[in-house]
Structures are given as C-alpha cells and as structure tokens.
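Understanding the architecture of this molecule
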Amino acid sequence: MRLPFPEKIPIVPAFFFALTLCLIQISQGTHPTFALTAFFYILVATHGFNVAGGFTRTTGSFIFFNSVLGVIVGLCMKAYLGEPADSNLLSPELTIRVLLVGMCMMVVAIYLSRRIAPKRALLGRMVTDAKMQTATVGCLIAGVLLSIAFIVFPSGSGSVLSALNQLNRFFPMAVVLGTLNTIRRSGGRRSINFPALLAGFLMFWVGLFGFSKEGMFAPFAAWILTAASQRYKLSRPQIVGAILTIIFIFRYLVPYAQYGRSFREESGVTSYATVFNLITNLGYVREQYLESSEDAYEERVLGYFNTPQGFFDRLQMFSIDDALINRTAQFGTFGAYPIVVSFENVVPHFIWKDKPQILIGNIWAHEVGVLGEEDESTGISFSSTATGFHMLGWTGVLLLAPAVWTLLFTIFDSLCGDTRQTPWGLLVMVLYAHAAPEGDLPSLIYICFYTAFGIIFAAVVGAYMMPVLGTLFIGPEGVELRRTGSIRSIAGRLLLPQPPKPDQPQTP
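A quick note: this is a predicted structure, and the numbers were derived from the prediction, not measured. (Residues numbered from 1 in each chain as written. Predicted model: local features only at pLDDT ≥ 70, side-chain atom pairs only at ≥ 80, totals over all residues. Heavy atoms only, no water.)

In terms of helices and strands, the protein carries 21 helices and 0 strands. Considering the protein as a whole, with its 508 residues, one finds that 50% of them fall into the buried category. Long-range pairs, those at least 24 residues apart, make up 77% of the contacts in the protein between residues at least 6 apart in sequence. Total accessible area on the protein stands at roughly 24700 Å², and carbon and sulfur atoms take up 64% of it. (Helix = DSSP H or I, 4+ residues; strand = E, 2+ residues; numbered from the N terminus. Buried < 20%, exposed > 50% of the residue type's maximum accessible area, 1.4 Å probe, protein only. Contact = heavy atoms within 4.5 Å. Areas by Shrake-Rupley, 256 points an atom, 1.4 Å probe, with all protein chains shown as cover.)

Its 24 residues give helix 3 (residues 58-81) an end-to-end C-alpha distance of 33 Å, which sits within 8% of 34 Å, the value for a rise of 1.5 Å per residue. A maximum bend of about 45 degrees is found in helix 3 at Val68. Within two residues after helix 3, Gly82 carries a phi angle of roughly 75 degrees, on the positive side. (Expected span 1.5 Å × (residues − 1). Bend = angle between axes of the 7 residues up to and from the residue.)

In this section: the side chain of Thr385. Considering the arrangement of structural elements, one finds Thr385 in helix 16 (residues 384-392). A relative accessible area of 4% means that Thr385 is categorised as buried. Sequence-distant contacts of Thr385, defined by excluding residues within four places in its chain, comprise Val98, Leu99, Gly102, Met106, Val397 and Trp405.

Quick look at the nonpolar core now. Grouped together as the largest cluster of nonpolar side chains are 115 residues, with contacts concentrated most on Phe62, Leu75, Phe318, Trp405, Leu408 and Leu441. In contact with Leu441, other than residues within four places in its own chain, are Ile339, Ser384, Thr387, Gly388, Met391, Leu400, Ala401, Val404 and Trp405. Leu208, Phe209, Ile249 and Leu253 belong to the second-largest nonpolar core, a separate cluster that totals 19 residues. (Core = buried A, V, L, I, M, F, W, Y, C linked by side-chain atoms within 4.5 Å.)

The next subject is the pattern of salt bridges. Using the criterion set out here, one finds 4 salt bridges in the structure. Between Arg420 and Glu7 there is a salt bridge whose closest N-O contact spans 2.6 Å. Linking Arg420 in the loop between helix 17 (394-416) and helix 18 (424-438) with Glu7 in the segment before helix 1 (11-27), this pair joins segments that are 413 residues apart in sequence. For Glu7, a relative accessible area of 44% gives the class partly exposed. (Salt bridge = Lys/Arg side-chain N within 4 Å of Asp/Glu carboxyl O.)

On the surface, Ile11, Val12, Phe15, Phe16, Leu19 and Leu23 cluster together into a nonpolar patch covering about 540 Å² of accessible area. Residue Ile11 is classed as partly exposed on the basis of its relative accessible area of 43%. (Patch = residues over 30% accessible without salt bridge, like charges linked within 9 Å, V, L, I, M, F, W, Y side chains within 5 Å.)

Let us now look at the packing of helix 13 (residues 318-331) against helix 15 (residues 360-368). The geometry of helix 13 relative to helix 15 is characterised by a closest axis approach of 9 Å and an angle of 75 degrees between their N-to-C directions. Classified by the interaxial angle, the pair formed by helix 13 and helix 15 is roughly perpendicular. Counted together, Ala323, Leu324 and Arg327 of helix 13 and Trp364, Glu367 and Val368 of helix 15 form the full contact between these two elements. In terms of residue class, the contact of helix 13 with helix 15 is made up of 4 nonpolar, no polar and 2 charged. (Axes fitted to C-alpha atoms, helices over the stretch in contact; angles between N-to-C directions. Parallel < 35°, antiparallel > 145°, perpendicular 65-115°, else oblique. Nonpolar A, V, L, I, M, F, W, Y, C, P; charged D, E, K, R; others polar.)

Now for the packing of helix 7 (residues 170-185) against helix 9 (residues 213-229). Two quantities define a packed helix pair, namely the angle between the axes and the distance from one axis to the other. As a packed pair, helix 7 and helix 9 sit with axes 9 Å apart at the nearest point and diverge in direction by 35 degrees. Note that helix 7 runs across helix 9; the crossing there is right-handed. Here Val175, Val176, Thr179, Leu180 and Ile183 of helix 7 lie close against helix 9, whose contacting residues are Pro219, Ala222, Trp223, Thr226, Ala227 and Ser229. (Left-handed = near helix turned anticlockwise from the far one by under 90°.)

This part takes up the environment of Leu122. Along the chain, the position of Leu122 falls in the loop between helix 4 (92-116) and helix 5 (132-152). The class for Leu122 is exposed, based on a relative accessible area of 59%. Distance in space between the C-alpha atoms of Leu122 and Gly417 is 7.8 Å, their sequence separation being 295 residues.

Once that is clear, we can look at unusual backbone geometry. For Asn88, which is not glycine, the phi torsion reads 65 degrees and is therefore positive. With respect to the helices and strands, the residue Asn88 is situated in the loop between helix 3 and helix 4. You will see that Arg231, though not glycine, has its phi angle at about 50 degrees, which is positive. Here Arg231 lies in the loop between helix 9 and helix 10 (236-260). Classification of Arg231 by relative accessible area gives partly exposed; the value is 43%.

Once that is clear, we can look at the environment of Gly425. With respect to the secondary-structure elements, Gly425 resides in helix 18. Under the relative-accessibility criterion, Gly425 is labelled buried at 0%. Gly425 sits 366 residues away from Thr59 along the chain, and the two C-alpha atoms are 9.7 Å apart. Gly425 has contacts with Thr58, Cys416 and Thr419, leaving out every residue within four places of it along the chain.

What follows is about the packing of aromatic side chains. Taken as a whole and judged by the stated rule, the model has 27 aromatic pairs. On the numbers, 6.2 Å between centres and 80 degrees between planes, the contact of Phe412 with Tyr432 is edge-to-face. One end of the pair, Phe412, is in helix 17; the other, Tyr432, is in helix 18, with 20 residues separating them in the sequence. In this structure an aromatic cluster arises from ring pairing among Phe5, Phe49, Phe55, Phe64 and Phe65. Above the face of the Tyr304 ring, Lys78 is positioned so that its terminal group lies 4.6 Å from the ring centre. The ring centre of Phe331 lies 4.4 Å from the NZ or CZ of Arg327, which sits over that ring. (Phe/Tyr/Trp six-rings, centres within 6.5 Å; stacked < 30°, edge-to-face > 60°. Lys NZ or Arg CZ within 6 Å of the ring centre and 35° of its normal.)

The predicted coordinates ought not to be read in detail in places where the model reports low pLDDT. Taken over all residues, the pLDDT of the protein has a mean of 81, while the share at 70 or more is 84%. Of all secondary-structure elements in the protein, the lowest mean pLDDT belongs to helix 21 (residues 477-488), at 38, while helix 2 (residues 32-52) reaches the highest, 96. Below a pLDDT of 50 lies the segment residues 477-508, which in the model reaches 13 contacts outside its immediate sequence neighbourhood of four places, other chains included. (pLDDT = per-residue confidence, 0-100.)

Turning next to the environment of Leu3. Mapped onto the fold, Leu3 is located in the segment before helix 1. Judged by relative accessible area, which is 9%, Leu3 ranks as buried. Counting along the chain gives 231 residues from Leu3 to Leu234, while the straight-line C-alpha distance between them is 7.1 Å. Apart from residues lying up to four places away in sequence, Leu3 is in contact with Ile224, Ala227, Ala228, Arg231, Tyr232 and Leu234.

And the structure:
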C-alpha cells in the first residue's frame, strides 16, 4: 500500500459523502439548517483544498487539517454515535454559520495569496541529494548541542539563547532530510536511517517528559508526511506496526499527556521520578484519566459528545469554539487588542525588555468558564475563525481573519513551493497538523514571523553549515560510495561504449 499524498479530492465523491452525512444527521434529529450548513461546509473545504493544490502546497495542508481535525471528524463521530450533530452546543446554528463563512473567506485568501506568491519557491532545493545525508547528521548534532546548551545554561524569555531556541527546528529537519535521503537513495525500498531515527526518538523523548502530545506525535507526523510525499510503499509488517503504534498512542499516550500535566511544578518542569512512575504505570494513568473525563462530562464542561470519547474529544473544535462564539453573541466582541500585541511580540524580548505580553488563550478560557479563577498560566486553544468572530464579530470573520490567512498562505507558499520537491514545506505541514485546527489568530501571526524565520534559518543552516558539520563525523566519501552501490544494483543499466582493442579493426 502506497501512502496517499493527494493533489486534489474529486468533488463528486465529496458531494455524495457530504450528502450521506447530511441525511444521517437529519435522521438522527439534527436540525435541517445545521445539517445543510455542514453539507456546504464540507464542499467548500474540498474546493479550497483543491484550489490550494492539495498536499503539494502548505496552504492545502492548512485547509485539510483545519477542516478535518477541527470540524469534519467531530461531525462523523457524532453520526457514528447516533447523536444529533447540534446537541451539546450553546449556539449550534450560529457556530456552524460562522465556520462556513470562515471557510469561504479562507478560500478567498487562497485566491489572493496565489496572485501574490511567486511561482518559484524562494528557498528552492537548497540541499542537494549528494549532501542530504551529511545535512541530516549535521542537523542531529546541532539539535543535540542546542538541547544540552539549554539545560546547562538555563535562561528565561528575554535572552539570546531563548530566541535561538524559538528558531530551533533541527530535530524535525533531521527526520525529514533523513527520510527523504533514504527513500531516494534506496529507490523506495527503505525509509529510515539511523540519524533520522535518533532525531525522532529525541523529539519523542522531549515530548514525553513535557507531557506534550504535539511533541510525541511530531516525529511520526514528520515521517508519515515525508514518506507520503514520495509515495512510499508500506510493507505488511510496516502496516501492522503502524496500526499497533496508533492504537498504543490513542489508548495510553494521550491519557498520559493529559493526566501528567497536573503534576507539573510552577516552573513547568516535572521531576524524573514522577515521569518514570507515570510511564511505568500507563494502565493506572489511563484509568485515572477516564475517571476525570467522566467527572468533567457529568459537569458538562464543554463536551461535544454525550460520553467521553478519548482522543476524539481532542479531534474537534466544535464545543470550545461554540462556547467562545456564544460568549460573543451574549456579551459582545473582545476587540482587536490581541492582534496589536501579536505584532508587537514580533520584536524579540532580548531587544525589547518591557514589551507587553498577554496569555490570550487563558483570558478567553476564563471568559467561557473552563478554568478556575486562580489559574493564570493554562492556555486553551481556539480556532482562528472563532477568535476572529470573538474579536470583531462578523467583521473579524469577513476581513480580519482573511487578512491574517492571506499573509500566512503567501509567506509559506512563497518560501516552500512544492512540498514533493523540497523539505521545507514538509516542516510547515508538521506544524500545521496542530496549528491549523487549534491556532487562534494571534498564534498565526506568531507563526507568520517566528516560524518563517525558523524555516529560513533551518534551510540556510541546513544547506550550507550542516553538511560541513556532518562531514566532520561521517566524512564526505561515505555518501558517494553508498550512492554508487545503489546505482550498480540497478538491472539493465546503460553500458557506455568501450574503445577498441589495439588488434581489433575499427568499423567506420
């Protein structure tokens, strides 16, 4: 089975899928207006994905993750459970209308960005196939050295080292480059080499100790997206291993990440003993997580489903977005101040020591009533569409959010180009898997600048400095020898004509 990497989704199958879901929703008691609006939402999202170029462009991946992980998975799960799609929501019809209009404006942003972005990627193919292995090793070493530096020389926000940490993309870059290099050099027979595997393990380990689902899932997402971009063919053992890994992640690691956050200290650090104790008792951790989820559902704290559904509770933004949209409808808009602060935040803290900072996700979470009064550090995720509506009402959905989306799409399509040809877009896609459904507008502005700087930094350093660093460890000849070996193994290779022997007459 080859991993899919669609450039477009046929509109006819999408139409029948949306129609079938609409009819199921109506039969289960969903209000026809809600079901019909959801029907059009799916069609508009499909059109936007196709117009953006599908997964061949970072913009297409943003549309996919925003719509599928934010809305469509939740709708399908409600239909599977036999629950009306508009149940357990405070303002269901207003929420689905806001999401539909937001998706329409996202398509408008795609058309605008396509006119602005250059046809040729600015970063291009800066890393050649010949230097990809040394660049992989160099990125791995740089990531390890920076990680050690952050531990040995701890520094809070406002230091140069902290700013450098925000540009650190070396571990995911090592996974992407290593996977690309292995697939291309082996002719599609293999997809993993040791430097990429080690970089992925270190990413997973950091996420494990930080109780971060994004950190634990990022190495798998980086490998899957990179392998899919090359249409890598999975073997049967790989398929079985992937299924078992997914089951283990959903069953144990997601509860571990959610439950373990309550053991963080005020500094955000967790002791090794606590982490080890939780890891070695994953069954108990899962039971505690399920009990706490049931208690939360009994209190009806923004649950979309009638009963806890584990990881699927996180694969939808309906309930949390609905709470914010309902808050706006009842008490008015918040204002555009978070956008102003987001642009001020572009200035590094070590340059502007006293720049204003607000944890806007914490403020909005207090507004919708999901945090205790004394909690001033927890941030809750909301979608960019819902936050646009909360800040400026319909003006935020029709003007503010499209302006931010256009800026985002233009920047990364201009930098990365075709994700099948260059590795930089694959890094952005890994980020979008989390940020597209759960990133509010201030977060997207941060991504437009700091993540863009990080991608440029990773591309330049990965192309020109990391191959030199990698050569110091593995040498320049190792890559060429392995490349020559793979070419000689190709059956039916072209044979060059040989000069005639001295006693052999030449033919005219």
